[in-house]
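Overview (structure and organization)
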Amino acid sequence: LRNIFFSNIVVNNYVKKYQHINNVIHFRFGDDQMVDHSFLNSYYKKPFYPHTANDWNNLIDNEDKYDFVLSTFSGSINNFDYACSDHYSFKKKLKKFFPDIEIIDKKPQHSGKASDIDGIYFCFVEMTIMLHAQNILSLCSFPFGERSSMFSYWPCLLGSSNFQNYIYNYSENSMYKDMS
C-alpha cells in the first residue's frame, strides 16, 4: 500500500535529505490556500454545513489564527525537527520565529483540485517524511479539524508513528485533545 502513494522517486529525492527527522508537527488551517474558493464552496454546501468554507476562512483572520497557535504552542515547537502546514504563509511565519525547524519552502497544493504538479509533489514528500517519523503532533483548526487530519493520520498508521492530535477553535478560544 505504501508504494501506491510514496514512489521511489519521492523517497530517493527527498527522504534521504530528511531521514534524520524524528518529530514532525503538522498545522491544519484549512484548504483555502491550496485550492480555489469556488471549489471549496461547492464542496462545503449548505444545508449540510452551516457555513461555506469561505465563511469559515473569512470569519477569523489567518494572522490571528497563526498568532494563537504560535503563542499556545511556542514552548512545544522547539521539540520538533520538521513542520508542515496547508498554509504556506504560516510555514514562512513559523520559520521566522523558529529558524532551526525544517520546512519545505514550497507552496503545497491539494490533489483534489490541482493546477500545480510541483505543489502536489511536495505534499507527497511531506507525507513521506511523516511516514518515516517517530512522532507526529497534528494541530487542527475548527471546523476543518473536527477530527484528526487525514494528511498526518494516514502516514502515522502506515508508518506506526506515535500520533497526537489537538483540535482548536479560535473563535471560542478552546482546544481539546482528540482521542480517536
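Analysis parameters
- Residues numbered from 1 in each chain as written.
- Predicted model: local features only at pLDDT ≥ 70, side-chain atom pairs only at ≥ 80, totals over all residues.
- Heavy atoms only, no water.
- Helix = DSSP H or I, 4+ residues; strand = E, 2+ residues; numbered from the N terminus.
- Polar contact = N/O pair within 3.5 Å; in protein donor to acceptor, adjacent residues only side chain to side chain.
- Patch = residues over 30% accessible without salt bridge, like charges linked within 9 Å, V, L, I, M, F, W, Y side chains within 5 Å.
- Areas by Shrake-Rupley, 256 points an atom, 1.4 Å probe, with all protein chains shown as cover.
- Salt bridge = Lys/Arg side-chain N within 4 Å of Asp/Glu carboxyl O.
- Buried < 20%, exposed > 50% of the residue type's maximum accessible area, 1.4 Å probe, protein only.
- Pairing = 2+ DSSP bridges.
- Phe/Tyr/Trp six-rings, centres within 6.5 Å; stacked < 30°, edge-to-face > 60°.
- pLDDT = per-residue confidence, 0-100.
- Core = buried A, V, L, I, M, F, W, Y, C linked by side-chain atoms within 4.5 Å.
- Contact = heavy atoms within 4.5 Å.

**Some details on the side chain of asparagine 165**
Within the secondary structure, asparagine 165 is located in strand 4 (residues 162-169). A polar contact of 3.5 Å, which involves the side chain of asparagine 165, links it to the side chain of serine 138.

**So, a nonpolar patch on the surface**
Together, Met150, Trp154 and Leu157 make up a nonpolar patch on the protein surface, roughly 280 Å² of accessible area in all. Turning to its location among the elements, tryptophan 154 is positioned in helix 8 (residues 150-159). We classify tryptophan 154 as partly exposed; its relative accessible area is 45%.

**Notes on the pattern of salt bridges**
On inspection of all chains with the given rule, the structure shows four salt bridges. Close ionic contact of aspartate 86 with arginine 28 constitutes a salt bridge, the shortest N to O distance being 2.9 Å. Of the two residues, aspartate 86 sits in the loop between strand 2 (82-85) and helix 6 (88-97) while arginine 28 sits in strand 1 (residues 23-28), which places them 58 residues apart along the sequence. Here aspartate 86 matches arginine 28 in class, with each residue buried. Members of the salt-bridge network, linked through shared partners, are Glu63, Asp67 and Lys93.

**Some words on the pairing of strand 3 (residues 135-141)**
For strand 3, a buried count of six out of seven residues is recorded, marking the element as mostly surrounded by other parts of the structure. For strand 1 and strand 3, the ladder comprises six bridges, and the chain directions are parallel. Residue pairing in the sheet places isoleucine 25 in a bridge with leucine 137 of strand 3. Here seven bridges tie strand 3 to strand 4, and the two strands are oriented parallel to one another. Bridge assignment links isoleucine 136 to a residue of strand 4, and that residue is phenylalanine 163.

**Considerations on the packing of aromatic side chains**
Inspection of the entire model under this criterion finds five aromatic pairs. Plain terms: the ring middles of tyrosine 18 and tyrosine 82 are 5.7 Å apart, the flat faces sit at 70° to each other, and that makes the pair edge-to-face. Taken together, the positions of tyrosine 18 in the loop between helix 2 (8-15) and strand 1 and tyrosine 82 in strand 2 put the pair 64 residues apart, joining distant regions of the chain. Tyrosine 82 shares its class with tyrosine 18; the two are buried. Between the aromatic rings of tyrosine 153 and phenylalanine 163, the centroid separation amounts to 5.4 Å while the plane-to-plane angle is 65°, which identifies the pairing as edge-to-face. A residue pair is termed long-range when its members are at least 10 positions apart, and tyrosine 153 in helix 8 and phenylalanine 163 in strand 4 qualify at 10 residues. Within the aromatic cluster, the residues linked to one another by ring pairs are Phe27, Tyr66 and Phe90.

**Details of the confidence of the model for the protein chain**
For the protein chain, the average pLDDT comes to 75, and 60% of its residues sit at 70 or higher. The least confident element of the protein chain is helix 1 (residues 2-5), whose mean pLDDT is 51; the most confident is helix 6, at 93.

**Re the nonpolar core**
Membership of the largest hydrophobic core comes to 19 residues, with the highest contact counts inside it found for Ile25, Phe27, Val69, Ile77 and Leu94. Breaking this core down by element, the ones donating at least two residues are strand 1, helix 5 (62-77), helix 6 and strand 3. If one sorts the elements of this core by residue count, helix 5 sits on top with six residues. Discounting chain neighbours no more than four positions away, the residues touching isoleucine 25 are Ile77, Phe80, Tyr82, Ala83, Cys84, Ile101, Leu137 and Leu139.

**Quick notes on the environment of isoleucine 101**
Within the element layout of this structure, isoleucine 101 appears in the loop between helix 6 and helix 7 (117-132). Residue class for isoleucine 101 comes out buried when judged on its relative accessible area of 3%. Between the C-alpha atoms of isoleucine 101 and valine 24, which are 77 residues apart in sequence, the distance is 9.6 Å. Beyond its immediate chain neighbours, meaning those up to four positions away, isoleucine 101 contacts Ile25, Ile77, Phe80, Asp81, Tyr82, Ala83, Leu94 and Lys95.

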